[in-house]
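# Coordinate inspection notes
So the chains spell out like this:
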Amino acid sequence: MFGVHERFDVPRPPAVLMKGSTAGSRRGRRAVIAKKSGAAATSDTVVMTELLVLIAQHRDKDAFSRLFAHYAPRIKSYLMRQGANQASAEELSQEAMVSVWRKADRFDPTKASAGTWIFTVARNLRIDALRKERRPNFDPEDPAFVPEAETSPDRAVEVGETQVKIKAAIAELPEEQAEVIRLSFYQDKPHGEIAEELDLPLGTVKSRLRLAMRRLRLALGEEQ
Amino acid sequence: MNASHHPSDDLLWSYAAGSLDEPSSILIATHLSLCPACRAVVAKAEGMGGELFENSGTADIDAGSLDAVLARLDETEEAPRIALETVGEEAESVSVPRPLKDYLPGSIPSLSWRWLGPGVHYTAIKTEARGPKVGLLRIAPGTKVPMHGHSGNEMTMVLAGGYTDATGNYQRGDVEAADDGLVHQPVADAGEECLCLVVTEGELQPTGMIAKVLQPFFRF
């Protein structure tokens, strides 16, 4: 399913996010970029994030249509890989995009890219619909919630940079590590079943995951 | 105070991927409510998931799909989430994070607690899911929980009070994972009742004399 021909794109820096010096000017420029790129939606993280912000702030249906063109086929593909048949994947993809519209105001560009956030929406819907289980999630509004000690003012910039680093790190993973990561994220399988499928000891699967995580942390500059 | 014993990256990543079973996810989400450091790990794993999601292929959507969705956008939206329940709030002595609270039928004292042994009570938490069992354990201050081993994995997270075993001291937010090798004898800290969220895969295996007597009770 995941052949070598499916290489990941070469990372592209989110120029707009990286140039901005103040929140105000950055927002202004991002809006311009989003309009300029027209109907041919690119996979540019920055453009998609900007579209989602337009949807949240202005209930912009044109922005939504462009976001739909980019993500609905990805959500459907994700659900089919998770075992949904074509009809139910279609129905659930539509459901997920309605959710994206309704929950857009909960999207926080300082915490995640559009693609990452929409992945979590699709993931939660999948657990609910395909696995028929609830998805326990933490809630920042919860009185018991312990917030971060500090938030950096340039978090949106960091999110863009982090996403580029993650992309580069994935592209450089040895195939055996990339494989367990893909199986873990793309098939609803516990690590034990992945081990069975690959005919590997569970310890090997776990150590490959650990190695992949370590590489990711190194790429994000967390370990020396 | 932030937690100092954390769940393994393996569990955090499974939670981010959405492949972790529901009972374990309750514990992880409860820990995440209290632990900014682990939320950062999950955010990165989700970033990885998002990247794969962007680049792992597309499936053709039906011709009328966008129109069908656009037609639904102006429908009345689902009712806004109601504020946290206040029922039983005054009786609550422990601040219970929402991912756990959502599963409890009432306040901690009002749950139907089952006596497991001197100073030890347990209540099961109901889920629709197959997989491990999840429940709450109340241990009176200073109580020694009988020495026991594990036939499967066990995860414990402290919600109130604390306990100590050979691996260290555990306070609110701390998570201890015991695999089938570990034999331990947790002792609740003095002064305050220890309340723990426990996820168990296999049966606990009592090893001491008293524990053997108590064995029937230890089958959660």
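Keep in mind it's a predicted model, so treat the numbers as computed, not measured.

### Digging into the overall build of chain A
Each helix and strand in chain A was counted, giving 10 helices and 0 strands. Ordering the α and β elements of chain A from the N terminus gives α-α-α-α-α-α-α-α-α-α. In chain A, buried positions account for 47% of the 224 residues. For chain A, long-range pairs separated by at least 24 residues make up 60% of all intrachain contacts whose partners lie at least 6 apart in sequence. Carbon and sulfur atoms provide 52% of the accessible area of chain A, an area that totals close to 10700 Å².

### Focus on the environment of B:Lys144
Residue and element names in this part refer to chain B. If you trace the backbone, Lys144 turns up in the loop between strand E3 (133-139) and strand E4 (148-150). As a C-alpha pair, Lys144 and Val120 span 24 residues in sequence and 9.2 Å in three-dimensional space. Apart from the residues lying within four places of it in its own chain, the contact partners of Lys144 are Gln185, Pro186 and Val187.

### Overview of the interface of chain B and chain A
Listed by partner, the interface residues are 65 residues for chain B and 71 residues for chain A. Where chain B abuts chain A, roughly 6400 Å² becomes buried across the two surfaces, and 58% of that area is made up of carbon and sulfur atoms. Linking chain B with chain A are 10 salt bridges, by the criterion used here. A salt bridge links A:Arg123 to B:Glu46, with the nearest nitrogen and oxygen atoms 2.8 Å apart. Counting across the chain B and chain A interface gives 34 residue pairs in polar contact (both at pLDDT 80 or more). For the side of chain B that touches chain A, the elements supplying multiple residues, two or more each, are helix H1 (9-17), helix H2 (22-34), helix H3 (36-55), helix H4 (65-72) and helix H5 (98-101) of chain B. For the side of chain B that touches chain A, the element with the highest residue contribution is H3(B), accounting for 15 residues. Looking at the side of chain B that touches chain A residue by residue, the classes come out as 28 nonpolar, 16 polar and 21 charged.

### Some thoughts on the packing of aromatic side chains
The final tally for this structure, using the stated rule, is 11 aromatic pairs over all chains. Taking 6.1 Å as the distance between ring centres and 55 degrees as the angle between the ring planes, the aromatic pair formed by A:Phe119 and A:Phe185 counts as tilted. Of this pair, A:Phe119 sits in helix H6 (residues 114-129) while A:Phe185 sits in helix H8 (residues 175-186); the two residues are 66 residues apart in sequence, bridging distant segments of the chain. Of the two residues examined, A:Phe119 and A:Phe185, each falls in the buried class. Centre to centre, the rings of A:Phe119 and B:Phe53 are 6.2 Å apart; their planes meet at 50 degrees, and the pair counts as tilted. Of the two residues, A:Phe119 is situated in helix H6 and B:Phe53 in helix H3; the pairing between them involves two chains. The two residues A:Phe119 and B:Phe53 agree in class, both being buried. Ring pairing ties together the aromatic residues A:Tyr71, A:Tyr78, A:Phe119, A:Phe185, B:Trp13 and B:Phe53, which thus form one cluster. Its end group placed over the ring of B:Tyr103, A:Arg134 keeps NZ or CZ at 4.0 Å from the ring centre.

### Points about the sheet that holds strand E6 (residues 163-165) of chain B
Residue and element names in this part refer to chain B. Ordered by their spatial adjacency, 3 strands build an open sheet running E7-E6-E9, and the pairing between neighbours is antiparallel. On the outer flanks of this sheet lie strand E7 (168-170) and strand E9 (187-188), each paired with one strand and no other. Bridge count between E6 and E9: 2 bridges; the pairing is antiparallel. Paired with Tyr163 across the bridge in E9 is Ala188.

### Concerning the confidence of the model for chain A
A low pLDDT score tells you not to read the predicted coordinates there in detail. Per-residue confidence for chain A gives a mean pLDDT of 79, with 76% of residues at or over 70. Confidence drops under a pLDDT of 50 for residues 1-43 of chain A, and excluding neighbours within four residues, the segment shows 70 contacts in the predicted structure.

### Things to note about the packing of helix H9 (residues 191-198) of chain A against helix H10 (residues 202-219) of chain A
Residues and elements named next belong to chain A. In the contact formed by H9 and H10, the axes pass within 8 Å of each other and the chain directions differ by 110 degrees. Between H9 and H10, the crossing angle belongs to the class labelled roughly perpendicular. Across from His191, Gly192, Ile194 and Ala195 in H9, the residues of H10 making contact are Leu202, Val205 and Leu209. When the residues that make up the contact of H9 with H10 are grouped by side-chain class, the tally is 5 nonpolar, 2 polar and no charged.

About the cut-offs
Residues numbered from 1 in each chain as written. Chains lettered and ligands numbered in written order. Predicted model: local features only at pLDDT ≥ 70, side-chain atom pairs only at ≥ 80, totals over all residues. Heavy atoms only, no water. Helix = DSSP H or I, 4+ residues; strand = E, 2+ residues; numbered from the N terminus. Buried < 20%, exposed > 50% of the residue type's maximum accessible area, 1.4 Å probe, protein only. Contact = heavy atoms within 4.5 Å. Areas by Shrake-Rupley, 256 points an atom, 1.4 Å probe, with all protein chains shown as cover. Buried area = accessible area lost by both parts, 1.4 Å probe. Salt bridge = Lys/Arg side-chain N within 4 Å of Asp/Glu carboxyl O. Polar contact = N/O pair within 3.5 Å; in protein donor to acceptor, adjacent residues only side chain to side chain. Nonpolar A, V, L, I, M, F, W, Y, C, P; charged D, E, K, R; others polar. Phe/Tyr/Trp six-rings, centres within 6.5 Å; stacked < 30°, edge-to-face > 60°. Lys NZ or Arg CZ within 6 Å of the ring centre and 35° of its normal. Pairing = 2+ DSSP bridges. pLDDT = per-residue confidence, 0-100. Axes fitted to C-alpha atoms, helices over the stretch in contact; angles between N-to-C directions. Parallel < 35°, antiparallel > 145°, perpendicular 65-115°, else oblique.

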